[in-house]
There are 2 protein chains.
Amino acid sequence: MEGGDARNGLTGTSQTTGSGVESPAKPLPPCCVKARAAAPESEAKCHATVVSGWFTETRSRCGKASKLQYYNNPMWPGETHSLKVDKILYQGKSPYQEVLIFESLTYGKVLVLDGIVQLTDKDECAYQEMITHLPLCSIPSPKKVLVIGGGDGGVLREIARHGSVESIDICEIDQLVIDVCKDFFPDLSVGFEDPRVRLHVGDAVEFLRNSPEGTYDAIIVDSSDPIGPAQELVEKPFFETIARALRPGGVLCNQAESMWLHTHLIQDMLSICCETFKGSVHYAWASVPTYPSGAIGFLLCAKEGRPVNFLAPINPIEKIEGAMTAGRDIRFYNTEMHRAAFVLPTFAKRELEAYSCSTIGHNKRKNQQNQRRLPSCHTVKFLPLRRGLRDLFNSPCAGHQVLTGIVAT
Amino acid sequence: MEGGDARNGLTGTSQTTGSGVESPAKPLPPCCVKARAAAPESEAKCHATVVSGWFTETRSRCGKASKLQYYNNPMWPGETHSLKVDKILYQGKSPYQEVLIFESLTYGKVLVLDGIVQLTDKDECAYQEMITHLPLCSIPSPKKVLVIGGGDGGVLREIARHGSVESIDICEIDQLVIDVCKDFFPDLSVGFEDPRVRLHVGDAVEFLRNSPEGTYDAIIVDSSDPIGPAQELVEKPFFETIARALRPGGVLCNQAESMWLHTHLIQDMLSICCETFKGSVHYAWASVPTYPSGAIGFLLCAKEGRPVNFLAPINPIEKIEGAMTAGRDIRFYNTEMHRAAFVLPTFAKRELEAYSCSTIGHNKRKNQQNQRRLPSCHTVKFLPLRRGLRDLFNSPCAGHQVLTGIVAT
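Residues numbered from 1 in each chain as written. Chains lettered and ligands numbered in written order. Predicted model: local features only at pLDDT ≥ 70, side-chain atom pairs only at ≥ 80, totals over all residues. Heavy atoms only, no water.

Sorry if this is basic, but what is going on with helix H7 (residues 263–277) of chain B here?
For an α-helix the count is 3.6 residues per turn, leaving residues at separations of three or four pointing the same way. Residue and element names in this part refer to chain B. The end-to-end C-alpha distance of H7, which contains 15 residues, comes to 21 Å, matching closely the 21 Å that a straight helix rising 1.5 Å per residue would cover. The buried count for H7 comes to 14 of 15 residues, which makes it a mostly enclosed element. Immediately beyond the C-terminal end of H7, within one or two residues, lies Lys278, with a positive phi of roughly 65°. (Helix = DSSP H or I, 4+ residues; strand = E, 2+ residues; numbered from the N terminus. Expected span 1.5 Å × (residues − 1). Buried < 20%, exposed > 50% of the residue type's maximum accessible area, 1.4 Å probe, protein only.)

What follows is the structure, encoded as structure tokens:
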């Protein structure tokens, strides 16, 4: 794992970059107002999320009894994970979000957007490799791939292992994320150096609308918090736009939250994606220590067309020449892990299996027979973004969803 | 999941039970002195590990710059997990350890021994079910089973699902743990009500020495922190005593730390257990949100005799009459999860596979060909206990082991 000193002149300084213009977020209830990073201060360890030398994920401002709710993050109520800060390497603000990078004591460098950990040197391999190879190893010879978000470059680095890929479009809205990751996370931003990559800095919805129908073999949605720059990306129409841009039999992989924390939300995602994509739709998961509950989920969706069996990868990474060792070695993913990622604990199996759908063999669509009818408020939107569920609190039925999801597991 | 109000008259009160005599722990360097729970105070939320209404795992006392190391736990340096405390239900002290039970906001009731989370209502299913059924489903018709530690009763509850079992011995040193779990964790302590259970309150080493050779089909070691009551249980001679008490082809399951945090330690455990048990020895893991890194490992060891293939359970739980639903339903374990538990991420596979050993088919012992020779300090002791690595810091080479384990992943 990478670690130690940062690699350029920004090390140890506090900087502000970007216009400082606030993003046009919808009004939020007081409980959901994100803690904003403080203005840079002279002491390197000073930051609103750093208390006594520890970084702690976003603190809520909602409580009257503020002492008791000091660490209360409305997205994952009742728990928090803290990392020891060795040195703050960068802090700044783009038109879209606040960016913090620090060197931690034991997880290497850490990227934080709007107060929420996006990746650490130590465990980024699990997220980046799984979100990339789960879809790309499930289809034969992927050629055209689109990444939405992913400005750190890690997903690009992983896509580049696939020799069959001819073009990699990436649509990231925030130039600052790209720039600071090039400065501080060279092991991730190396992904931008592949000649197949075409970078589009801008709005993903706009980009997709301008893409010809049926363009992509695979689309990977790796975006940040849905409040702010990614807000449009969490609504059902966006997924219809994704489905339109995929070729028949093409696949989507989208972050899908933890089975320990949000089972009901995952049910909703599965239902809506079955309706939208009309091919196989499955939930997979991986162990990622710095994400809430230490686990993160992925939603795998195939557009109707040639059937896709996500559970038995047709394009195993070990058989792709040089894929395991191109650039740096693969650290997390392998074909056995691919299969194991779809194996669920009994509680999750009970709650999710009826909402998945298959288009392979005797399982063809049988799971859908048991699907419940969702009340209308469930179908308005869903929020499958990395660590991004806060918008749920805007919905009148959302509080119930979240609470049930937590208690039911 | 269980939650809500506690179920007896102790609710909301602070009590002290036990003699208050300190356990005869070896002298520790200042960095490793455990934070001790404060004497009971009048305010229900007052406890040394509870700050502003949050429980945080043991705080170190070592730092001169105490503010910066406020949450620094020497066992898992650089990170901590905090839970919101709703109400402290119990605090007390036995001759062996401090006991704290609180109602958390989102994980139900939480049992803490000497400042370290042992279990929560929400995720205890993962640990209890996996540590029990991984060994018991790997052998045909287990009859005599021994549990070491496990005073909460959860492992007993799981063993009771196996109709073939004729006797269940449990050797737990701390009567207070048994008593308070009966009061506050009835869903776990129900395990003691099975008529096959024989409780022995006392020292496990003594108990094993008095057991006839070759008595048990399976032994499950579910004990707490190795400093204090469990100290004797972490040394190599103890595992030789375990091997002696197992029948040929009998199996041990022992907690074995997280692959994310302590790879080198796991290598040592695998090596020593291959030498000691002379049958198959493998590492498995499961997702447990409230354990460090959100994952916990298990060491599965078979004594030489009839070969055991841990990777393909011969005694699947789904085929044992009533096992999935006896008492409360199984929540986590199933045969697919059993198999998936042995599938490792690439980094862990690279580092651990050469240290495992198999006695089945063409893999027979081939893994051992590549085993490194350990320096002598590695073979003195190893520390496979739940959340219990602090004793490592007593060893002159331990600091290196731990640091390497963390950085190498």
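How do you make sense of the nonpolar core when you look at a structure like this?
The tendency in soluble globular proteins is for nonpolar side chains to be buried as a group. Formed by 194 residues in total, the largest nonpolar core has its most connected members in Ile219, Ile242 and Phe298 of chain A together with Ile219, Ile242 and Phe298 of chain B. With residues near it in sequence (within four places) discarded, Ile219 of chain B still touches Leu146, Ile148, Leu208, Ile242, Ala245, Leu246, Val251, Leu252 and Cys253 of chain B. (Core = buried A, V, L, I, M, F, W, Y, C linked by side-chain atoms within 4.5 Å. Contact = heavy atoms within 4.5 Å.)

Looking at this structure, how should I read the sheet that holds strand E11 (residues 246–255) of chain A?
Residue and element names in this part refer to chain A. Ordered in space as E9-E8-E7-E10-E11-E13-E12, the 7 strands form an open sheet in which the pairing is mixed. Unpaired on one side and paired on the other, strand E9 (197–201) and strand E12 (278–287) mark the two borders of the sheet. Neighbour to neighbour, the strand axes of the sheet diverge by 15° on average, direction disregarded. Direction of pairing for E12 relative to strand E13 (residues 295–303): antiparallel, over a ladder of 8 bridges. From the neighbouring strand, Tyr283 faces E13, where its bridge partner is Leu299. Of the strands in this sheet, strand E7 (144–149), strand E10 (216–222), E11, E12 and E13 touch helix H1 (residues 124–136), which is tilted by about 155° from E10. (Pairing = 2+ DSSP bridges. Axes fitted to C-alpha atoms, helices over the stretch in contact; angles between N-to-C directions.)

Is there a simple way to explain the state of the cysteines in this structure?
Think of a disulfide as a covalent bridge from one cysteine sulfur atom to another cysteine sulfur atom. Evaluated as defined, the whole model comprises 2 disulfides over all chains. With its sulfur 2.2 Å from that of its partner, Cys274 of chain A forms a disulfide with Cys357 of chain A. Across the S-S bond of Cys274 of chain A and Cys357 of chain A the torsion is about -115°, and the bridge reads as left-handed. Within this pair, whereas Cys274 of chain A is found in helix H7 (residues 263–277), its partner Cys357 of chain A is found in the loop between helix H9 (346–352) and helix H10 (376–380), the two being separated by 83 residues in sequence. Overall, Cys274 of chain A belongs to the buried group, its relative accessible area being 3%. The cysteine Cys125 of chain B is free of any disulfide, with Cys137 of chain B supplying the nearest cysteine sulfur at 16 Å. Between Cys301 of chain B, a free cysteine, and Cys273 of chain B, which holds the nearest cysteine sulfur, the sulfur-to-sulfur gap is 3.8 Å. (Disulfide = S-S within 2.5 Å.)

Looking at this structure, I do not really get the sheet that holds strand E9 (residues 197–201) of chain B. What am I missing?
Backbone hydrogen bonds are what pair the strands of a sheet, in a parallel or an antiparallel way. Residue and element names in this part refer to chain B. Pairing within the open sheet is mixed, and its 7 strands lie in the order E9-E8-E7-E10-E11-E13-E12. The strands lining the two open edges of the sheet, one partner per strand, are E9 and strand E12 (278–287). Neighbour-to-neighbour, the strand axes of the sheet open up by a mean angle of 15°, direction not taken into account. The pairing of strand E11 (residues 246–255) with strand E13 (residues 295–303) spans 5 bridges and is antiparallel. Following the sheet pairing, Leu252 is matched in E13 by Cys301. Sheet contacts for helix H1 (residues 124–136): strand E7 (144–149), strand E10 (216–222), E11, E12 and E13; angle to E10, the most-contacted strand, approximately 155°.

What should I look at first to understand the packing of helix H6 (residues 236–245) of chain A against H7 of chain A in this one?
A pair of packed helices is characterised by two quantities: the angle between their axes and the separation of those axes. Residue and element names in this part refer to chain A. Between H6 and H7, whose axes approach to 10 Å, the crossing angle comes to 40°. Accordingly, the angle class assigned to the pair H6 and H7 is oblique. Every pair of crossing elements has a handedness; the one defined by H6 and H7 is right-handed. Each of Lys236, Phe239, Glu240, Ile242 and Ala243 in H6 lies in contact with H7, whose residues at this interface are Ile272, Glu275, Thr276 and Phe277. Split by residue class, the contact of H6 with H7 holds 5 nonpolar, 1 polar and 3 charged. (Parallel < 35°, antiparallel > 145°, perpendicular 65-115°, else oblique. Left-handed = near helix turned anticlockwise from the far one by under 90°. Nonpolar A, V, L, I, M, F, W, Y, C, P; charged D, E, K, R; others polar.)

Before we go on, may I ask you to explain helix H6 (residues 236–245) of chain B in this structure?
For H6 of chain B, a buried count of 7 out of 10 residues is recorded, marking the element as mostly surrounded by other parts of the structure. Inspection of H6 of chain B places Lys236, Phe238, Phe239, Thr241, Ile242, Ala243 and Ala245 of chain B among the buried residues, and these make up the whole buried set.

Whenever I open this one, the pairing of strand E4 (residues 98–104) of chain B confuses me. Can you help?
Residues and elements named next belong to chain B. By the criterion of burial, E4 is predominantly enclosed, with 7 of the 7 residues buried. Residues Glu98, Leu100, Phe102 and Ser104 line one face of E4 and the alternating positions Val99, Ile101 and Glu103 line the opposite face, and both faces are buried. With 7 bridges connecting them, strand E3 (residues 79–93) and E4 associate as antiparallel partners. Along E4, the bridge assignment pairs Lys87 with Glu103. Here 5 bridges tie E4 to strand E5 (residues 109–113), and the two strands are oriented antiparallel to one another.

It is not clear to me how the UniProt feature "active site" (unreviewed entry) in chain A should be interpreted in this structure. Could you clarify?
All names here are of chain A. With numbering aligned to this structure, UniProt lists the feature "active site" (unreviewed entry) at Asp222. For Asp222, the position within the fold is in strand E10. Relative accessible area serves as the criterion here: at 2%, Asp222 is assigned to the buried category. (UniProt positions renumbered as here; feature names shortened; annotations may be inferred.)

What should I look at first to understand the packing of aromatic side chains in this one?
Applying the stated criterion across every chain yields a total of 13 aromatic pairs over all chains. Taking 6.2 Å as the distance between ring centres and 45° as the angle between the ring planes, the aromatic pair formed by Tyr90 of chain B and Phe184 of chain B counts as tilted. Within this pair, whereas Tyr90 of chain B is found in strand E3, its partner Phe184 of chain B is found in helix H3 (residues 175–184), the two being separated by 94 residues in sequence. Neither Tyr90 of chain B nor Phe184 of chain B differs from the other in exposure class; each is buried. Here the aromatic residues Tyr127, Tyr291 and Phe298 of chain A are joined through ring pairs into a cluster of three or more. Above the ring of Phe192 of chain A, the side-chain terminus of Lys182 of chain A is found at 4.9 Å from the ring centroid. The ring of Tyr107 of chain B has Lys122 of chain B lying over it, and the distance from NZ or CZ to the ring centre is 5.8 Å. (Phe/Tyr/Trp six-rings, centres within 6.5 Å; stacked < 30°, edge-to-face > 60°. Lys NZ or Arg CZ within 6 Å of the ring centre and 35° of its normal.)

Can you help me understand the pattern of salt bridges in this one?
A side chain of one charge can pair with a side chain of the opposite charge if their charged atoms are brought near each other. Residue and element names in this part refer to chain A. A complete count under the given rule lists 22 salt bridges over all chains for this structure. Among the ionic pairs, Asp121 bridges to Lys109, the shortest N-O distance being 3.9 Å. Of this pair, Asp121 sits in the loop between strand E6 (116–120) and H1 while Lys109 sits in strand E5 (residues 109–113), and the two are 12 residues apart along the sequence. When its relative accessible area of 0% is taken as the criterion, Lys109 is described as buried. (Salt bridge = Lys/Arg side-chain N within 4 Å of Asp/Glu carboxyl O.)

Just checking my understanding: could you explain the confidence of the model for chain A for this structure?
Reading predicted coordinates in detail is not appropriate for stretches of low pLDDT. Residue and element names in this part refer to chain A. Of all residues in chain A, 67% attain a pLDDT of 70 or more, and the chain-wide mean is 74. Under a pLDDT of 50 for its full length, residues 58–73 has, in the predicted model, 46 contacts with residues more than four places off or in other chains. Here the predicted complex carries an ipTM of 0.77, next to a pTM of 0.78. (pLDDT = per-residue confidence, 0-100.)

Sorry if this is basic, but what is going on with the environment of Asp183 of chain A here?
All names here are of chain A. Among the secondary structure elements, Asp183 is positioned in helix H3 (residues 175–184). Since its relative accessible area comes to 30%, Asp183 is described here as partly exposed. Once the C-alpha coordinates of Asp183 and Tyr90 are considered, the two residues, 93 residues apart in sequence, prove to be 9.9 Å apart.

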